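Examination of the molecular architecture
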Amino acid sequence: MKKLLPTSTAGSLPKPSWLAQPETLWSPWKLHDQELIDGKLDALRLSLHEQEQAGIDIVGDGEQSRQHFVTTFIEHLDGVDFTKRETVRIRDRYDASVPTVIGAVSRQKPVFVDDAKFLRQQTKQPIKWALPGPMTMIDTLYDAHYKSREKLAWEFAKILNQEAKELEAAGVDIIQFDEPAFNVFFDEVNDWGIAALERATEGLKCETAVHICYGYGIKANTEWKKTLGAEWRQYEEIFPKLQKSTIDIISLECHNSRVPMELLELVRGKKIMAGVIDVATNTIETPEEVANTLRKALKFVDADKLCPCTNCGMAPLSRQVARDKLNALSAGAEIVRRELLGK
């Protein structure tokens, strides 16, 4: 029998201090050459151990080999010049210097597949692997070639599909596409964004997920959230079409969020990875707080389709805070699991 309320994380976890600067997003590597290659694998093994020690059921790589959840993938593609930079508005929220698309984009070799094979050798647990979604990828670049967000998204969707198929063959059980841009560009999401995401998942037999959050706890995101009012209803714009999509799992934030829980009714029938851990604070949730968020979610999600998770990645947190939060996640899920099973 499959475990009820299997726990997981949204993706990233803090890196060890010997690999990158602690509590710093997108920190430069402290190691180089072969030492860096070995160090990333050591960090991946350590991240897995910490997830398993905390009782996390569906494990991941903690994104230990990535500086950035989008650009690390793009770095391995042809057609993008990282020395030619332009300033663009990221998710209509903040300006950033980004690389430029100068020609047709393509993937000459796998990006994360060797890491996935390594992780598969280390554990018998189900593995979830995160990739950037097509719309979020195009929102992190300046396009001087296609000059069309939709065209570039479709090209990235084909490339992501190649990577996803090889990740599946390497033993990955769930492939997740991170699409924070879905919370901003609603018309594009409904016109072609979800279709591009489905193209990225085409032909996969493993489960597929889309992660749509309100971002890391960085200043640009927290300031943006202050403008969203008493209720955050962004999911309402895209959930009806996502409900009809071929994507199996929707990962979203719930705890300490102003997202009305009843919006989950719009995707009834899908599996839900519900964020019950707030990644924008160092305050550790109590198991009972986690349990309460899950009880609220269960009013709109069938128990066999609910997976307790974190709101977003935990890369900017300290390792101790992240460990404590993962322990709370597992303990809170166990409280509700026992209630559901009548123990």
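Look above for the structure.
With that settled, the discussion passes to the overall build of the chain. Check the secondary structure of the chain and you find ten helices and nine strands. Scaling as 2.2 N^0.38, a compact globule of 343 residues should have a C-alpha radius of gyration of about 20 Å, and the chain matches this with 19 Å. Dimensions of the chain, computed from C-alpha atoms along their principal axes, come out at roughly 60 × 45 × 40 Å. When burial is assessed residue by residue, the chain has 57% of its 343 residues classed as buried.

This part takes up the sheet that holds strand β1 (residues 77-90). Across the sheet, three strands lie side by side as β1-β2-β4; this open sheet has mixed pairing. The strands lining the two open edges of the sheet, one partner per strand, are β1 and β4 (142-143). Contacts from helix α5 (residues 149-169) reach β1, β2 (94-107) and β4, with the element oriented near 70° to β2.

Moving on, we come to the packing of helix α9 (residues 287-297) against helix α10 (residues 319-341). Packing of α9 against α10 brings their axes to within 7 Å, and their N-to-C directions diverge by 55°. Relative to α10, the element α9 is oriented oblique. In this structure, the crossing between α9 and α10 has a hand that is right-handed. Residues Pro 287, Glu 288, Val 290, Ala 291, Leu 294 and Arg 295 of α9 lie in contact with α10, whose contacting residues are Ala 328, Leu 329, Ala 331, Gly 332, Ala 333, Ile 335, Val 336 and Glu 339. When the residues that make up the contact of α9 with α10 are grouped by side-chain class, the tally is ten nonpolar, one polar and three charged.

With respect to the helices and strands, the residue Ser 12 is situated in the segment before α1 (33-53). A relative accessible area of 5% means that Ser 12 is categorised as buried. A distance of 3.2 Å separates a polar atom in the side chain of Ser 12 from the backbone nitrogen of Ala 315.

On to the packing of α1 against helix α3 (residues 113-122), then. It is at 11 Å that the axes of α1 and α3 come closest, and there the two elements cross at 45°. As far as their axial angle goes, α3 and α1 are oblique. Where α1 crosses over α3, the handedness of that crossing is right-handed. Between α1 and α3, the residues in contact are Leu 41, Leu 44, Arg 45 and Leu 48 and Asp 115, Phe 118, Leu 119 and Gln 122, respectively. Grouping the amino acids of the contact of α1 with α3 by side-chain chemistry returns five nonpolar, one polar and two charged.

The rules behind each value
- Residues numbered from 1 in each chain as written.
- Predicted model: local features only at pLDDT ≥ 70, side-chain atom pairs only at ≥ 80, totals over all residues.
- Heavy atoms only, no water.
- Helix = DSSP H or I, 4+ residues; strand = E, 2+ residues; numbered from the N terminus.
- Rg over C-alpha atoms; globule rule 2.2 N^0.38 Å.
- Buried < 20%, exposed > 50% of the residue type's maximum accessible area, 1.4 Å probe, protein only.
- Pairing = 2+ DSSP bridges.
- Contact = heavy atoms within 4.5 Å.
- Axes fitted to C-alpha atoms, helices over the stretch in contact; angles between N-to-C directions.
- Parallel < 35°, antiparallel > 145°, perpendicular 65-115°, else oblique.
- Left-handed = near helix turned anticlockwise from the far one by under 90°.
- Nonpolar A, V, L, I, M, F, W, Y, C, P; charged D, E, K, R; others polar.
- Polar contact = N/O pair within 3.5 Å; in protein donor to acceptor, adjacent residues only side chain to side chain.

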